[in-house]
Structures are given as structure tokens and as C-alpha cells.
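Tertiary structure, described
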Amino acid sequence: MTHIVKFSCIAAFCLTLITAPPISANITYPRNTAIADTVRKPGIREVKPRSPRTAALFAIVPGLGQGYNGDFWKLPIVYTALGGSIFTVYLNSLKYHDYLKAYWSFYDPSTGTPAHNITGDTKMPVRVRNLLNTKSTVKLLTKDQIVRNKDAWRRYRNVSILTSGLIYVLTIIEANVAAHLKTFDISDDLSVRMGPGSVEGPFSAFAPGLQVVFNFK
């Protein structure tokens, strides 16, 4: 009895494939543009297409690309990230030049040779600033201490410059990608229907297959 049921199911499926109208793989399903243009569900905002190329060109000036896409809520993020990174470059540069100035005080500016009466224990005054440069003190440090701090602040300055450049490039990429996604449909008006069908094979013969239809409501 079980074998008879299985055979009946297989026969019914094959009959469906045979009697289904032949569908070419090149067939497209046109959308009823007249209805789509006149009927729109309430509460769904129409999204205007944006040119990714234009968005990237506008983004050369920070924030304009996001403004072109209509993403005004991103402007505080863009300006905060860029402003913070540029301010970090300024602070690190300031501290680096403080130690650089103290370092050159160990040398004769006219000849570039070590100044007279300079020993390994000689200390020079250095302006040491706090994190945000709200206050500073003057400390006496040896040449080795000054060199270590000078090199450290130079590295910090270089890293902050690279970070600022990376953030700037990311704002351009973000504007370009956001423009691409403006016309990407992520609403609930998409449906998929699967069913038996046939495709055109070699020698103009039709073979059974699976048909997948995307409906755009």
C-alpha cells in the first residue's frame, strides 16, 4: 500500500511538470507600472534615487555627500569624527614640537654640534602639557628623557594623521554606498513564489525544472 501511495505522488508531480506551459529562461515578468505609479500604500515614503558618483564627489567636502543623500542625521557623526581626529593631530604636534625645541637646545644652532658644557646629566627645561592642553608645567629633563618623549609624540602625531585620512576616506565611501542603497527595496512588498516549470535546453528541447517568480507589489 505504501508503494502505491509513493507511486501516485510521483506520477502526480510528473503530470504537473508535463502539463505546465513551457517557460523560457529568458522570459521576464513586466511590472504593471501604471498601477505601481498610481497606487501606493499609505505611510510608505517615496525614496528619490541618488547618483553614487555625485554623492562621492560632494563628499570631497566633508558632510556634503551625506547631505546630498538626505542623511542629515549623519552630519554630527561626520563632523565629530573629523573634528576630533584633526584636534588630536594638533595636540600631538604641539607636544612633539615642545620636546623637539628642548632637544635642539642641546646643540649649537649655528654649527649643529653639541653645545658647550653639555654632559649626559645636563637637564633642559621642557613645557609639559596635560591631555587637552588646558594647563602646562615646565620640567627639567635630561637629553635621553627628551629624546624618548620626542619620538613618542612624533609617532602619536603620525598615527593621528593617518587616522584622520582614513576617516575622511570612509566618509566618501559611506556617501557612495548610501546612494546605492537608496533604491534598494527592503519593504514587505516583496514575495517569492516557487513552482514547477520548464526551461529550453539544447536542440530546442524543453526540460522540466523549477520556476521561481519574484512579485513586486
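Up top is the structure.
So, here is what we can say about the structure in this document.

About the cut-offs
- For every chain, the first residue of the written sequence is number 1, and numbering continues from 1 onward in sequence order.
- Note on the predicted model: pLDDT of at least 70 is required for a residue's local features to be given, and 80 or more for side-chain atom pairs to be given and counted; whole-chain, interface and lining totals, by contrast, use all residues.
- Remark: hydrogens and water are excluded; side-chain values derive from all non-hydrogen atoms of the structure.
- Only when DSSP finds a minimum of two bridges between them are two strands counted as paired.
- For helices the rule is a DSSP run of H or I covering at least 4 residues; for strands it is a run of E covering at least 2, with both sets numbered from the N terminus onward.
- With a 1.4 Å probe rolled over the protein chains alone, any residue whose accessible area is under 20% of its type maximum counts as buried; one over 50% counts as exposed, and the rest are partly exposed.
- In what follows, a contact means two residues having at least one pair of non-hydrogen atoms within 4.5 Å.
- To obtain an axis, a line is fitted to C-alpha atoms, over the contacting stretch when the element is a helix, and the angle between two such axes runs from 0 to 180 degrees between their N-to-C directions.
- Oblique is the label for any angle not covered by the other classes, which are roughly parallel (under 35 degrees), roughly antiparallel (over 145) and roughly perpendicular (65 to 115).
- A clockwise turn of the near helix away from the far one marks a right-handed crossing, whereas an anticlockwise turn of less than a right angle marks a left-handed crossing.
- Ten residues, namely Ala, Val, Leu, Ile, Met, Phe, Trp, Tyr, Cys and Pro, are considered nonpolar, four, namely Asp, Glu, Lys and Arg, are considered charged, and the remaining ones, Gly among them, are considered polar.
- Two rings from Phe, Tyr or Trp (for Trp, the six-membered ring) form a pair when their centres sit within 6.5 Å of each other. Planes less than 30 degrees apart are called stacked, planes more than 60 degrees apart edge-to-face, and all others tilted.
- Look at NZ for Lys and CZ for Arg. If either is within 6 Å of the ring centre and within 35 degrees of the ring normal, a charge sits over the ring.
- For salt bridges, the criterion is a side-chain nitrogen of Lys or Arg within 4 Å of an Asp or Glu carboxyl oxygen.

Right, let's talk about the pairing of strand β1 (residues 123–129) for a bit. Bridge count between β1 and strand β2 (residues 136–142): seven bridges; the pairing is antiparallel. In the sheet register, R129 faces β2, and the bridge partner there is S136.

Among the structural elements, T142 can be located in strand β2. Look at T142 and you get buried, because its relative accessible area is 16%. Ignoring sequence-local partners within four residues, the contact set of T142 consists of F106, G120, D121, T122 and K123.

Here helix α5 (residues 75–104) crosses helix α6 (residues 143–181) at 160 degrees, and the two axes come no closer than 8 Å. In terms of orientation, α5 and α6 fall into the roughly antiparallel class. Considering only the axes of α5 and α6, their crossing is left-handed. Partitioned by chemical class, the residues of the contact of α5 with α6 number 17 nonpolar, nine polar and five charged.

The next point concerns the packing of aromatic side chains. Following the criterion strictly, the structure yields six aromatic pairs and no others. For the ring pair W153 and Y156, a centre distance of 5.2 Å and an interplane angle of 80 degrees mean the geometry is edge-to-face. Taken together, the residues span about one helical turn, with W153 and Y156 both in helix α6 at a distance of three residues. For R50, the ring lying beneath its charged end belongs to Y68, and the centroid distance is 5.8 Å. Over the aromatic face of Y103 sits the side chain of K150, whose NZ or CZ is 5.0 Å from the ring centroid.

What follows is about the pattern of salt bridges. Scanning the entire structure with this criterion turns up six salt bridges. Its salt-bridge partner being K150, residue D151 comes within 3.0 Å of it at the nearest N-O pair. Looking at K150, the relative accessible area reads 8%, which means it is buried. For the salt bridge of R154 with D151, the shortest nitrogen-to-oxygen distance reads 3.3 Å. Of the two residues, R154 and D151 are both situated in helix α6; the distance of three residues between them amounts to about one turn of the helix. Assessed through its relative accessible area of 33%, R154 is described here as partly exposed. Taking the relative accessible area as the measure of exposure, D151 reaches 22% and is therefore partly exposed.

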